[in-house]
Amino acid sequence: MTVKHSRAARLAAFCAALVLFGGGSATARTPTLAECAAIQSDSERLACYDRISGVRPVAAPGEPAAAGGADDIALPEPAGTAAPGAKPSLIDTAWAFAPDAPKFVISTYRPNYFLFAHYTNSVNNQPFTPLFEAADVSDQNLDAVEAMFQISFKTRLWTTDDRRWGAWIGYTQQSQWQVYNGDTSRPFRETNYMPEIFLSYRPDVTFGGFHWRLLNLGYNHQSNGRSQILSRSWDRLFAEFGIERGNFALLVTPWYRINESDDDDDNPDITDYLGYGNITAIYKPGNHSLALMLRGNISTGKGAAQFTWQSPPLLGPLRAYLKAFTGYGESLIDYNWNQTSIGIGLALNDVL
């Protein structure tokens, strides 16, 4: 072989090496076995396996070679990853389901809000009357307008590498404060405490244009922390199913009350008024947020409805907040009290 031919051969080998090992492959993402297995096309799935192994696909006799080879295959997006230009999932965002989300997070849970004015059309003095009689004092009339606030957060304690499974604890506290009632020393009329522990899962199932992206299974305890005639509490096992489509989401939450002994049960008929679950619809047009909650017991004909609206951010993350409620159980002390109320204030977050 002449020197000229030897140089040409070395140049050809160098160019081939550039094509094989250069050619932009350094920036291409290497697929996983699971991603390859999810590809429907036989030829593309084989090309994906070839890419993992480093083997270049060879065209069958009489078939043209693929222009880009295995580097041009379309890989499925990891769970929790929004397509470029698409709005992020409401559920994935709220529950940190993205594979690159931190494993251990502390985030908002139920709405966090402060209502400066919360008006009810029917003040519930009834639970407190026996206390006033025992103390031999006249009834202390409660104001129809009070302040109301709620704090709620959740913490993920464990999760899988793909974030589809997680173990959480949650805490919610709601208070009604007679802040404008100077005659009775501005007491807290009622405070409810609700710790929870639950397991979350992202099913990732699509049907009819909806995406099933949340399944929670857990236990919660709700109590007002009081004793004797003012004591209210119950324990529940619950499930929560979350589906969404665009800027609309639906949460369906059935529960089962864990029965207590007759001697310890502060409110044995609570399911007659609060039922066995609730349904919450969330719609987010633009930067607004609308939510409607419905619950009830069909056999007793008792239940409740709650509507909330949040404005776009006004002060940093804070938004104007409107809450309207009608029915039974706005708080535990009022579980068997029918009223209609409305409040206005500020909120940090919505359900999603």
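The structure contained in this document is the topic of the report that follows. Per chain, residue numbering runs from 1 following the sequence as it is written. Whole-chain, interface and lining totals are the exception, using all residues; otherwise, since this is a predicted model, local features are given only for residues with pLDDT of at least 70 and side-chain atom pairs are given and counted only at 80 or more. Side-chain metrics rest on all non-hydrogen atoms present in the structure, leaving aside hydrogens and water.

A tally of helices and strands in the protein yields 6 helices and 14 strands. Expressed as a percentage of the 352 residues in the protein, the buried residues total 40%. The contacts in the protein between residues at least 6 apart in sequence include a share of 57% that link residues at least 24 apart. Every helix listed is a DSSP run of H or I at least four residues long, and every strand listed is a run of E at least two residues long, numbered separately from the N terminus. With a 1.4 Å probe rolled over the protein chains alone, any residue whose accessible area is under 20% of its type maximum counts as buried; one over 50% counts as exposed, and the rest are partly exposed. The contact criterion used is simple: two residues touch if any of their non-hydrogen atoms lie within 4.5 Å.

Attention now moves to the pattern of salt bridges. What counts as a salt bridge is simple: a side-chain nitrogen of Lys or Arg found within 4 Å of a carboxyl oxygen of Asp or Glu. Going through the model one piece at a time under the given rule, you end up with 10 salt bridges. Linking Arg189 and Glu146 is a salt bridge whose minimum nitrogen-to-oxygen distance equals 3.1 Å. Residue Arg189 is located in strand E5 (residues 188-201), and its partner Glu146 is located in strand E3 (residues 145-159); the two are separated by 43 residues in the primary sequence. Note on Arg189: relative accessible area 9%, which makes it buried. A relative accessible area of 3% places Glu146 in the buried class. Arg202 serves as the salt-bridge partner of Asp204, at 3.3 Å between the closest nitrogen and oxygen. Among the charged side chains, a network of salt bridges with common partners joins Asp92, Arg202 and Asp204.

Each patch is built from residues that are more than 30% exposed by relative accessible area and take part in no salt bridge. Like charges join if they lie within 9 Å; nonpolar side chains (Val, Leu, Ile, Met, Phe, Trp, Tyr) join within 5 Å. Accessible surface is estimated by sampling points in the Shrake-Rupley manner with a 1.4 Å probe; for residues, cover comes only from the protein chains shown. A grouping of Leu157, Trp158, Trp165, Ile169, Ile197, Leu199, Tyr219, Leu237, Tyr256 and Ile258 is seen on the molecular surface, where their side chains present a nonpolar patch of about 920 Å² in accessible area. At the level of secondary structure, the elements contributing two or more residues to the nonpolar patch comprise E3, strand E4 (165-177), E5 and strand E9 (248-258). Looking at where Leu199 falls in the secondary structure, it is placed in strand E5.

Before going further, it helps to examine the packing of aromatic side chains. Note on ring pairs: Phe, Tyr and Trp rings are taken, using the six-membered ring of Trp, and paired if centres are within 6.5 Å. Classes follow the plane angle, with under 30 degrees stacked, over 60 edge-to-face and the rest tilted. One pass over the structure, following the stated rule, counts 16 aromatic pairs. Considering the side-chain rings of Trp212 and Phe241, the 6.2 Å spacing of their centres and the 40 degrees angle between planes classify their relative orientation as tilted. One end of the pair, Trp212, is in strand E7 (residues 210-223); the other, Phe241, is in strand E8 (residues 233-245), with 29 residues separating them in the sequence. Among the residues examined, Trp212 registers a relative accessible area of 24% and is labelled partly exposed. One aromatic cluster is present, built from ring pairs that chain together Trp95, Tyr109, Trp168, Phe198 and Phe238. A ring is considered to have a charge above it if a Lys NZ or an Arg CZ atom is located within 6 Å of its centre and within 35 degrees of its normal. When the ring centre of Trp95 is taken as origin, the NZ or CZ atom of Lys154, which lies over that ring, is 4.8 Å away.

Bringing the environment of Phe210 into the picture now. Structurally, Phe210 is set in strand E7. Residue Phe210 is classed as partly exposed on the basis of its relative accessible area, which comes to 23%. When the C-alpha positions of Phe210 and Gly246 are compared, they lie 8.5 Å apart, and in sequence the two are 36 residues distant. In this structure, Phe210 is in contact with Val205, Ile243, Glu244, Arg245 and Phe248, ignoring residues within four places of it in sequence.

Turning next to the nonpolar core. Membership of the largest hydrophobic core comes to 24 residues, with the highest contact counts inside it found for Trp95 and Leu352. The residues contacting Trp95, other than those within four sequence positions of it, are Tyr109, Lys154, Arg156, Trp168, Phe198, Leu214, Asn216, Glu240 and Leu352. Put simply, buried Ala, Val, Leu, Ile, Met, Phe, Trp, Tyr and Cys residues joined by side-chain atoms within 4.5 Å make one nonpolar core. Counting residues in hydrophobic clusters, the runner-up holds 5 residues, among them Tyr113, Met148, Tyr321 and Ala347.

This paragraph deals with the side chain of Gln150. Looking at where Gln150 falls in the secondary structure, it is placed in strand E3. Judged by relative accessible area, Gln150 falls into the buried class, the value being 10%. A polar side-chain atom of Gln150 sits 2.8 Å from the main-chain carbonyl oxygen of Pro111. Not counting residues up to four positions away in its chain, the partners in contact with Gln150 are Arg110, Pro111, Asn112, Tyr113, Thr172, Gln173 and Gln174. Polar contacts here mean pairs of N or O atoms no more than 3.5 Å apart (in protein, one a potential hydrogen donor and the other a potential acceptor; neighbouring residues in sequence count only if both atoms are side-chain atoms).

This next bit is on the pairing of strand E12 (residues 302-315). Here the rule is simple: two strands pair whenever DSSP picks up at least two bridges between them. For strand E11 (residues 289-297) and E12, the ladder comprises 9 bridges, and the chain directions are antiparallel. When the sheet's bridge partners are listed, Arg295 is paired in E12 with Ala304. Bridging between E12 and strand E13 (residues 318-328) involves 9 bridges; their strand directions are antiparallel. The partner of Phe307 across the bridge, within E13, is Ala324. Hairpin connection between E12 and E13: a loop of 2 residues separates the two successive antiparallel strands, and Gly316 in this loop has a positive phi of roughly 60 degrees.

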